[in-house]
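# What the coordinates show
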Amino acid sequence: MGSGDSSRSCETSSQDLGYSYFPAENLIEYKWPPDETGEYYMLQEQVSEYLGVTSFKRKYPDLERRDLSHKEKLYLRELNVITETQCTLGLTALRSDEVIDLMIKEYPAKHAEYSVILQEKERQRITDHYKEYSQMQQQNTQKVEASKVPEYIKKAAKKAAEFNSNLNRERMEERRAYFDLQTHIIQVPQGKYKVLPTERTKVSPYPVALIPGQFQEYYKRYSPDELRYLPLNTALYEPPLDPELLTLDSDGDSDDAEEGRGDEKRKTKGNSPKVIPNAICGICLKGKESNKKGKPEALIHCSQCDNSGHPSCLDMTPELVAMIKTYPWQCMECKTCIICGQPHHEEEMMFCDVCDRGYHTFCVGLDAIPSGRWICDCCQKDPPVPRRGGRRGKNSKEG
């Protein structure tokens, strides 16, 4: 049994729900907040079903995403975008422009199908708008007299001249500067600021070019610890989880640090399992009263989020279920490395076949994910009853 099986995730995929085809007209783009400040989003669950991607988050981790608020779910429920059952699940929003770019690059056929639907919706919107306008014209029978047309033209020209005059006055009097889109130069009113001599404004050997023709001499100084994370193409360390936290100590790989990690592992034993009343399985969408086989079965819960699942739906053995109840277990979406505590590099993340804890290959000194059964050091020191199958990396398949 491969640990990368999509059934281990609490996501709801098209295969889990039994759908074989997700039509493009069901892929909804919405605005949130629904006012002038809102941006356009799509639901990750709908995009995943439409593109046929089993685990969208693991395949495209770099896309900007966020969890839906309760108010946003109610708004989508009123629009009939989601069902009442989906309101109780953890839904994720993606920026629609990033989804469109992804479809153009990797799914051109899907993008062409979706573009046809968008064109049809736009034609329908224009048709409805024209009908509404025609009805308003029929109700408003007042007509403009031909003799007053020249007067209206003069008023329109006067309004345009006043607008241009006010704009030019605002540029000179109220605005400190403005950016010329044609020449890409920042224009500053003359006589308003002191002009420094050329010697004072001479560009140094290493200027920072912000805009073509515009330079500045400000440089940010980085400490040696901060330089570990820069530049990005040769960074030696992962970004800190919280920018407010202190940078990592250079002696973080000492024996004391290793002993501290071992103490943390030992502290996880004796953990009380998380309890979520009225929870439902993220795969079969049923509670503890009935699993996918119609039999009552207790749910297991992620310690980091509200995801839950039946052990049978997640293909977990009774021995593994008993083991994960002894520590704060994490689902596939929240899994972090026990050594470094980071969720990044999911393609290098593997799981212990006994306790289901996550480890990076490079954190335990391996070059690649093992093809067979792998047991972490914590379980080798205290071996439990062995179970069948080998669980490997996140992206591996069942063997």
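This text gives an overview of the structure that appears in the document. (Residues numbered from 1 in each chain as written. Predicted model: local features only at pLDDT ≥ 70, side-chain atom pairs only at ≥ 80, totals over all residues. Heavy atoms only, no water.)

### Concerning unusual backbone geometry
Definition in use: Every helix listed is a DSSP run of H or I at least four residues long, and every strand listed is a run of E at least two residues long, numbered separately from the N terminus. Type-normalised accessible area, obtained with a 1.4 Å probe on protein chains alone, sets the label of each residue: buried when under 20%, exposed when over 50%, and partly exposed for intermediate values.
Residues Trp32 and Pro33 are joined by a peptide bond in cis, for which omega reads -10°. One non-glycine residue, Asn80, adopts positive backbone phi at about 60°. Along the chain, Asn80 falls in the loop between helix H4 (70-78) and strand E4 (92-95). By relative accessible area, Asn80 is classed as exposed at 62%. Positive phi, normally seen in glycine, also occurs at His184, with a value near 55°. Note on placement: His184 falls in the loop between strand E5 (178-180) and strand E6 (185-187). Exposure remark for His184: the relative accessible area of 38% places this residue in the partly exposed category.

### Description of the packing of aromatic side chains
Formally: Within 6.5 Å between ring centres, the rings of Phe, Tyr and Trp (the latter by its six-membered ring) count as paired, and their orientation is classed by plane angle as stacked under 30 degrees, edge-to-face over 60, tilted in between. For a lysine, the NZ atom is tested; for an arginine, the CZ atom; a charge sits over a ring if that atom is within 6 Å of the ring centre and within 35 degrees of the ring normal.
The tally for this structure, following the rule as stated, stands at four aromatic pairs. Ring geometry for Phe56 and Tyr60: centres 5.1 Å apart, planes at 50°, overall tilted. Judged by its relative accessible area of 9%, Tyr60 falls in the buried class. Above the plane of the ring of Tyr41 lies Arg66, whose end atom (NZ or CZ) is 4.2 Å from the centre. Taking NZ or CZ as reference, Lys110 lies 4.7 Å from the ring centre of Tyr50, over its face.

### Focus on the packing of helix H5 (residues 96-106) against helix H6 (residues 108-139)
Heads up, the rule is: Axis lines are fitted through C-alpha atoms, for helices just across the contact stretch, and the angle between N-to-C directions can take any value from 0 to 180 degrees. Every angle not falling under 35 degrees, over 145, or within 65 to 115 is termed oblique; those three ranges are roughly parallel, roughly antiparallel and roughly perpendicular. Every residue pair with non-hydrogen atoms within 4.5 Å of one another is taken to be in contact. Polarity classes work like this: nonpolar for Ala, Val, Leu, Ile, Met, Phe, Trp, Tyr, Cys and Pro, charged for Asp, Glu, Lys and Arg, and polar for all others, with Gly in that last group.
The N-to-C vectors of H5 and H6 enclose an angle of 125°; their axes lie 6 Å apart at closest approach. Looking at the two axes, H5 sits oblique to H6. Contacts between H5 and H6 involve Ile100, Met103, Ile104 and Glu106 on the former and, on the latter, Pro108, His111 and Tyr114. Taken together, the residues of the contact of H5 with H6 break down into five nonpolar, one polar and one charged.

### Quick notes on the sheet that holds strand E1 (residues 29-32)
As a reminder, the rule being used: Pairing between strands is defined by DSSP: at least two bridges between the two strands are required.
Taken together, four strands build an open sheet; the order of strands is E1-E2-E4-E3 and the sheet is antiparallel. At either margin of the open sheet sits one strand with a lone partner, and together these are E1 and strand E3 (65-67). Recorded for the sheet is a direction-independent mean angle of 45° between the axes of neighbouring strands. When strand E2 (residues 39-43) meets E4, the two strands line up antiparallel, connected through three bridges. For Leu43, the partnering residue across the bridge sits in E4 and is Ala93. On top of the sheet, helix H2 (residues 44-51) reaches E2, E3 and E4; it is set at about 55° to E2, its chief contact.

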